[in-house]
Amino acid sequence: MPPAPKNDFAFTAERLYGSALENTFSGALSFMRRPYTRDLRGVDVAVTGVPLDTATTNRPGTRFGPRGIRAISTELAWGAPWPWGFDPFDRLAVVDYGDCHFDHGKPWEAPAAIEKHAREILDAGASMVTLGGDHYISLPLLRAHAARHGKLSLIHFDSHSDTWPQAEESAGRIDHGSMFHHAVNENLVDPAASAQVGIRTHNSERMGFNWLDAAWVLEHGAAATAAEIKRIVGANQAYLTFDIDCLDPAFAPGTGTPVTGGLSTALAQSIIRQLDGIGIVGMDMVEVSPPYDTAEITAMAAASIVLDYLCLRAKDLPERK
Ligand code: MN
Ligand code: MN
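**Some thoughts on empty space enclosed by the protein**
Phase 1 of the analysis: Going through the model one piece at a time under the given rule, you end up with 2 cavities of 30 Å³ or more.
Phase 2 of the analysis: Of the volumes computed, that of the largest cavity is approximately 70 Å³.
Phase 3 of the analysis: Contributing to the lining of the largest cavity are 14 residues, with Ser-19, Met-32, Ala-77, Trp-78 and Phe-89 lying nearest its centre.
Phase 4 of the analysis: Across the lining of the largest cavity, the residue classes tally to 9 nonpolar, 2 polar and 3 charged.
Phase 5 of the analysis: Empty space within the second largest cavity amounts to approximately 30 Å³.
Phase 6 of the analysis: Each residue belonging to the lining of the second largest cavity can be placed in one class, and the counts come to 4 nonpolar, 2 polar and 2 charged.

Here you go:
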């Protein structure tokens with residue numbers, strides 16, 4: 001028997017729980033070195049990529065988002081994340097499920113392909129963390145989540161509300177600015193019990209969503225913002241969607257439609273860390289565009305925020321390793 005390998009835990013890990021050290025700068029990529037598998041037996045959370053970037057209005061490149069976030073996550077995968085003080089992977093069985101497949105030459109087929117991919121994961125009993133891709137992917141993801149959980153609250157971090165109306169004759173448009181207009185009309189989310197956080201672009205068509213705009217968040221801080229999100233969501237089940245352009249371009253330059261005047265990475269992380277006590281059934285992290293990134297700042301922010309979400313999910317669970 002050769003000795004157990006000391007690297008490439010993405011495919012050499014022998015169990016779903018626990019973490020193992022390997023060189024951060026090498027090895028097979030998976031999110032946080034989780035096992036790469038499509039076997040979802042016993043899995044709590046499946047991390048998956050949806051590398052669609054043809055719905056953006058400005059810079060493309062988010063098709064490289066899942067790969068970029070996985071790459072930088074290796075630098076985080078060496079111990080208990082600050083300030084949590086525990087390894088979430090001792091408590092939650094998290095795997096990397098790989099990416100959703102669609103034919104880039106048939107973009108009109110992508111929405112159904114994404115929804116089917118999500119339904120396969122949710123039907124297997126796992127919850128999802130999805131790495132985009134541009135923000136359009138949240139619409140088919142919400143369709144799959146609402147089919148399983150019913151109408152959801154939306155916790156939406158973004159500089160844009162993404163509720164721009166679509167004319168009747170444009171119903172099939174695949175655009176990263178109109179998903180939540182459709183989500184309300186399709187009865188997937190309850191806007192009155194939903195919060196849009198960090199908004200700083202005008203949109204006269206708000207579809208009934210509550211706005212915690214960027215100026216309000218910057219003035220009132222993390223604790224007040226988290227408390228307000230929790231008040232709005234109440235006892236509902238919620239879906240968390242994080243458009244990285246919620247962060248200021250100083251903290252997230254690598255994105256499709258940057259807008260100045262946003263949150264710092266630290267402020268966003270602090271808000272996420274305080275969202276305990278509400279039922280979040282899934283999340284996505286979208287709009288990370290590595291070709292426009294500098295020193296992997298944006299991908300690092302994205303990976304770190306996803307890790308905070310996993311720690312939030314894990315914090316009241318017993319160790320199972
Ligand atoms: Mn967005
Ligand atoms: Mn945005």
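**Some words on the coordination of the manganese ion (ligand 2)**
Phase 1 of the analysis: Only Asp-158 (OD), His-160 (ND1), Asp-243 (OD), Asp-245 (OD) and Asp-245 (OD) from the protein reach the manganese ion (ligand 2) as donors, at distances of 2.1 to 2.4 Å.
Phase 2 of the analysis: Mapped onto the sequence, the residues coordinating the manganese ion (ligand 2) show the spacing D-x1-H-x82-D-x1-D.
Phase 3 of the analysis: Separating the manganese ion (ligand 2) from the manganese ion (ligand 1) is a distance of 3.2 Å, and Asp-158 supplies a donor atom to each of them. Within this pair, whereas Asp-158 is found in the loop between strand E4 (153–157) and helix H5 (179–185), its partner Asp-243 is found in strand E7 (residues 237–243), the two being separated by 85 residues in sequence. For the pair shown, Asp-158 and Asp-243 are each scored as buried.

**Topic: the coordination of the manganese ion (ligand 1)**
Phase 1 of the analysis: Taken together, His-135 (ND1), Asp-158 (OD), Asp-162 (OD) and Asp-243 (OD) make up the protein donors of the manganese ion (ligand 1), found 2.1 to 2.2 Å from the metal.
Phase 2 of the analysis: The sequence pattern describing where the donors of the manganese ion (ligand 1) fall on their chain is H-x22-D-x3-D-x80-D.
Phase 3 of the analysis: Accessibility expressed as a relative area gives 0% for Asp-158, which makes it buried.

Rules used throughout
- Residues numbered from 1 in each chain as written.
- Chains lettered and ligands numbered in written order.
- Predicted model: local features only at pLDDT ≥ 70, side-chain atom pairs only at ≥ 80, totals over all residues.
- Heavy atoms only, no water.
- 1 Å grid on protein atoms, 1.4 Å probe; cavity = no way out; pocket = protein on both sides within 12 Å on 5 of 7 lines; lining within 4 Å.
- Points joined across faces, edges and corners; volume = space filled by probe spheres on them.
- Nonpolar A, V, L, I, M, F, W, Y, C, P; charged D, E, K, R; others polar.
- Donors = N, O, S within 2.8 Å, 3.2 Å for Na, K, Ca; no water.
- Helix = DSSP H or I, 4+ residues; strand = E, 2+ residues; numbered from the N terminus.
- Buried < 20%, exposed > 50% of the residue type's maximum accessible area, 1.4 Å probe, protein only.

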